[in-house]
Amino acid sequence: MKSRHLRLLQRTYVVLIFCVMYLPILVLAVFSFNESKSRTVFTGFTLDWYRSLFTNRMILSALALSLVVALVSAVVATVVGTMATVGISAMGRKSQLLINNISYMPVVNPEIITGVSLMLLFVFLQNCASRFEALPDAFFGLPTLLIAHITFNLPYVIFNVSPKLRQMDSRIYEAALDLGCTPRQAFFKVVLPELTPAILSAFLICLTYSIDDFIISYFNCGTLQTLPIAIYSMTRKKVSPEINALSTIIFLVILAIILISNALDSRRYKREQSLGKAGERR
Amino acid sequence: MRRTLRPWACAAAVLALGLTAAPGAQAADKIQVNEDISVSGDYDWKRFEGQGITLNVYNWGLYISDGSEDSVDVISAFEDLTGIKVNYTTFDSNESLYAKIKSGGVSYDVIIPSDYMIGRMIEEGMLAPLDYANIPNVSGIGQEYLGWPFDADNTYSVPYMWGTTGLIYNTTMVQEAPDSWADMWDVQYTGNVLMFNNSRDAYAVAAKKLGMSLNPSSVEEVDRVIEELKAQKSVVQAYVMDEIFDKMEGGEAALAPYYAGDAITMIQDNPDLAFVFPKEGVNFFVDSLCIPANCKNKEAAEMFLNYMCEPDVGFANCEFIGYSTPIQEVWERLDDDLKYSEIAYPSDEVLDKAEAFTTLSAEVNSALDTAWSDMKSYDEGGSGWMVLVFLILALAISVFNIWRRVRRKLRNEY
Amino acid sequence: MIKSKAAASPYLVWMVIFIVAPLLIVAYYAFTDASGSFTLANIMAIGRYSSVFARSLLLAAEATAICLVLAFPVGYFLSRLRASKQHIMLMLVMLPMWMNFLLRTYAWMSLLENNGIINTVLGFFGLGPFRMINTAGAVVLGMVYNYLPYMILPLYTAMTKIDDSIIEAAQDLGASTLGTFTRVLLPLSGPGIATGITMVFVPSVSTFIISRMLGGGANLLIGDLIELQFLGNSYNFNMGSAMSLVLMVIVLLCMSFTSSFDEQEMEGVM
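Residues numbered from 1 in each chain as written. Chains lettered and ligands numbered in written order. Predicted model: local features only at pLDDT ≥ 70, side-chain atom pairs only at ≥ 80, totals over all residues.

Draft legend 1. Quick look at the overall build of chain A. A tally of helices and strands in chain A yields 11 helices and zero strands. Shown N-terminal to C-terminal, the secondary structure of chain A runs as helices and strands in the order α-α-α-α-α-α-α-α-α-α-α. For 282 residues, the compact-globule estimate of 2.2 N^0.38 gives 19 Å, and chain A exceeds it by more than 25% at 24 Å. Judged by the C-alpha coordinates and their principal axes, chain A covers about 75 × 75 × 35 Å. Taken across its 282 residues, chain A has 40% of its residues classed as buried. (Helix = DSSP H or I, 4+ residues; strand = E, 2+ residues; numbered from the N terminus. Rg over C-alpha atoms; globule rule 2.2 N^0.38 Å. Buried ≥ 20, exposed ≤ 12 C-beta atoms within 10 Å, placed from the backbone.)

Right, here's the structure in full:
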């Protein structure tokens with residue numbers, strides 16, 4: 001009897017927490033359909049804000065920039081990071097520890113410090129370059145944005161892929177060599193496929209971090225605007241419900257991605273289970 | 001105010017007129033860009049078409065007719081007209097504009113700072129001299145708006161808009177209409193007062209309240225006025241800039257100082273609001289179009305300046321943002337509401353008491369910057385002792401950690 | 001196994017230039033004045049801003065404590081669910097996290113305003129209006145809301161490793177509910193708690209948007225102060241770097257607290 005009460009209490013509590021977590025998002029979504037600009041009184045249904053959002057050049061170009069930066073930085077970070085993981089694994093324990101500790105810096109440091117320190121570096125490089133006219137004038141902008149994003153993405157790749165590499169059975173690789181593969185072939189045909197799931201998930205993490213990042217971009221964007229920076233500048237002006245419409249769309253896109261990946265996951269999980277209960281192994 | 005200005009203005013106007021090309025074009029040879037905007041036909045707008053040029057324009061938020069709320073989109077009209085792409089971004093105070101450009105690396109092509117900041121940027125060599133051969137439309141600008149002391153012969157700047165500050169209040173939330181800056185210190189409005197979130201404007205409010213000049217000449221003067229701002233802190237709900245629009249229109253606060261042109265927009269949206277020029281006097285400002293020294297497409301930027309001085313464009317901007325225009329023809333075309341608005345075009349009585357910002361000496365400027373962050377971080381409760389508590393806490397945590405480690409070591413040994 | 005250290009060389013170069021060098025530059029700026037000569041004045045001047053540092057630490061500590069208290073039962077509840085349900089619930093926890101935090105914070109603005117939704121609803125019941133926006137409480141709320149998932153997830157991860165049988169054993173051996181909680185559950189979820197505390201405290205103490213949007217600019221935090229030096233009103237790189245350095249020390253202190261727990265745990269939770 002007592003435990004049933006307890007369970008009910010628990011359940012109500014968790015539901016309550018979820019309510020609080022989703023309430024603001026729900027409010028945003030509801031008021032994206034509001035006819036007037038009021039943020040508190042719902043006066044009537046309209047889709048106008050969505051329409052004006054899709055003709056808002058500032059938002060669209062910011063979105064395009066965000067996607068470009070996210071894709072390029074995620075690809076570069078994944079490639080360089082995966083190579084680094086392989087290289088680091090060949091090193092001695094002491095240098096591994098040192099490199100890992102340094103790599104932790106962007107993860108552990110507050111974002112504002114990463115942002116500010118990179119900005120100082122870029123300013124410094126710019127000043128050096130202006131003496132030799134080595135760098136183009138518009139150094140701040142896409143180049144700095146990409147460098148910054150790659151920098152904070154790299155550690156996530158390394159920390160995602162290296163455990164997988166450590167777990168891998170090294171005898172597979174040796175077997176491949178024994179069977180006549182060159183080291184290069186062995187890497188691409190045997191090791192890489194093993195690592196693919198980890199690399200892919202690292203890539204996705206990079207992509208989402210990069211699209212979501214505001215603080216680091218804020219200090220290093222030059223004259224450009226990524227989507228979060230555009231959102232920031234929108235919240236500082238007379239606010240239009242376009243921003244609600246934007247949030248709703250973003251939320252739905254994320255929901256869709258998560259549901260799809262979830263469905264794929266569970267299908268794979270079921271298949272693995274039917275193939276000799278492999279899924280049960282931790 | 002305007003009258004005191006004329007001596008310089010005449011000299012400058014002669015100079016400016018000397019540089020300008022033919023007088024305003026006839027309606028017949030205008031190029032029509034869209035139904036709202038036609039530009040003069042004797043200017044070669046197309047010379048950069050197809051060259052893939054992008055202009056980086058950096059402006060105050062809500063300071064151009066951008067196509068929202070059924071207004072005219074003057075930027076896309078410029079792109080259609082010239083084939084030049086515009087990357088338009090916004091800032092929220094002169095100081096953040098300065099920091100962004102000063103930090104280096106960022107290269108904007110057109111910026112719109114206010115008077116005192118233009119003076120400072122000129123002193124520091126951050127602006128490029130303009131070639132008026134490319135900006136013939138400057139002839140349309142009224143002479144009294146040219147030749148300000150910050151840029152006496154308009155070598156670096158073309159006036160965009162002018163205006164004054166003032167006090168906006170919500171008539172339903174005040175007992176009697178405020179008429180003085182001192183009302184912003186009134187404890188009956190505790191939690192209902194908004195304040196400028198930039199040093200010069202906030203300083204000006206406090207200085208005027210004290211009957212002092214809004215241009216401090218010494219560090220002591222700065223300290224005196226900043227003390228006044230610290231005293232105000234317990235009354236202030238929030239330090240904001242363009243957020244004032246939403247907050248005042250939504251009835252979130254009773255009093256807010258802001259720019260007169262924005263007050264017009266706010267009153268249009270919420271008739272409960274009203275505007276007053278406080279009796280101590282206000283700040284008179286001129287915001288001007290400038291080109292930074294490291295601009296890469298100067299001629300295209302000058303074309304943008306010229307475009308902004310087109311009567312149609314000026315009219316669209318003026319109607320949308322409500323600020324006061326320096327272009328005579330634009331003023332003539334305005335609706336009577338705006339044209340004879342006491343807020344946008346205040347009486348000589350108000351203007352006589354108005355004071356413009358001047359560029360401060362480097363010493364006073366840095367004192368003001370520091371005092372401003374002091375003021376912002378000032379805490380009435382004086383939580384300095386909290387630091388001590390945290391130090392002790394940090395120490396306790398590290399001792400605890402060491403103790404744990406020792407204990408673990410001991411345990412491992414046995 | 002694969003012996004090619006060379007593969008890491010692009011990353012090592014990158015690491016040195018874009019991770020190590022920037023931090024060195026921060027240190028350089030912190031200890032020099034505008035003309036580039038060595039000075040301790042910047043570090044000394046930070047004493048003037050002690051109230052900001054105190055406020056940041058206090059608000060971040062409050063937010064972290066609240067997060068811990070709120071998240072603990074949630075983590076426990078999730079960890080006791082069936083595996084398939086766990087998956088869905090985890091998704092639900094993470095979903096708001098993928099929304100940009102600016103939008104999430106912005107949503108709270110319209111909820112908390114004087115004429116906002118909460119006050120309107122309360123008004124129907126004849127309550128209020130309460131002043132919520134632009135207070136320190138609103139800032140803490142913003143932090144809790146934004147970083148709660150960062151507390152739930154590590155707690156959950158730690159608690160899934162606690163076997164039901166251990167708890168049952170404790171109860172069978174006569175431990176009270178409280179005893180089971182303090183002597184079994186709490187110690188065993190220690191690594192999760194430590195990770196959660198860092199993951200909430202570090203972003204909270206360094207945030208500069210939440211305080212601006214919900215605190216009205218009067219509740220200045222360290223992050224705001226740093227931003228003010230670099231892209232804002234004060235424009236003083238040297239001062240800003242000194243502040244960043246101090247912030248870094250605070251964070252490292254906080255990390256040293258966490259790292260005394262098992263490193264392996266950290267990796268699993270990241």
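Draft legend 2. Expanded view of the overall build of chain C. The helix and strand inventory of chain C stands at 14 helices and zero strands. Referenced to the eigenvectors of the C-alpha coordinate spread, the extents of chain C come out at roughly 70 × 70 × 35 Å. Out of the 270 residues belonging to chain C, those deemed buried represent 50%.

Draft legend 3. View of the interface of chain B and chain C. Chain B puts 39 residues into the contact, and the matching count from chain C is 31 residues. Residue assignment for the side of chain B that touches chain C shows that the elements contributing at least two residues are α3 (94-102), β8 (236-240), α14 (362-377) and α15 (384-413) of chain B. In terms of residue count, α15 of chain B provides more of the side of chain B that touches chain C than any other element does, nine residues in total. In terms of residue class, the side of chain B that touches chain C is built from 13 nonpolar, 15 polar and 11 charged. (Contact = placed C-beta atoms within 7 Å. Nonpolar A, V, L, I, M, F, W, Y, C, P; charged D, E, K, R; others polar.)

Draft legend 4. Spotlight on unusual backbone geometry. All names here are of chain C. Positive phi is not limited to glycine here, since Asn134 has a value of about 60°. Position of Asn134 relative to the elements: it lies in the loop between α6 (117-124) and α7 (136-160). If you check the backbone angles, Tyr235 has positive phi at about 45° while not being a glycine. With respect to the helices and strands, the residue Tyr235 is situated in the loop between α12 (222-230) and α13 (237-259).

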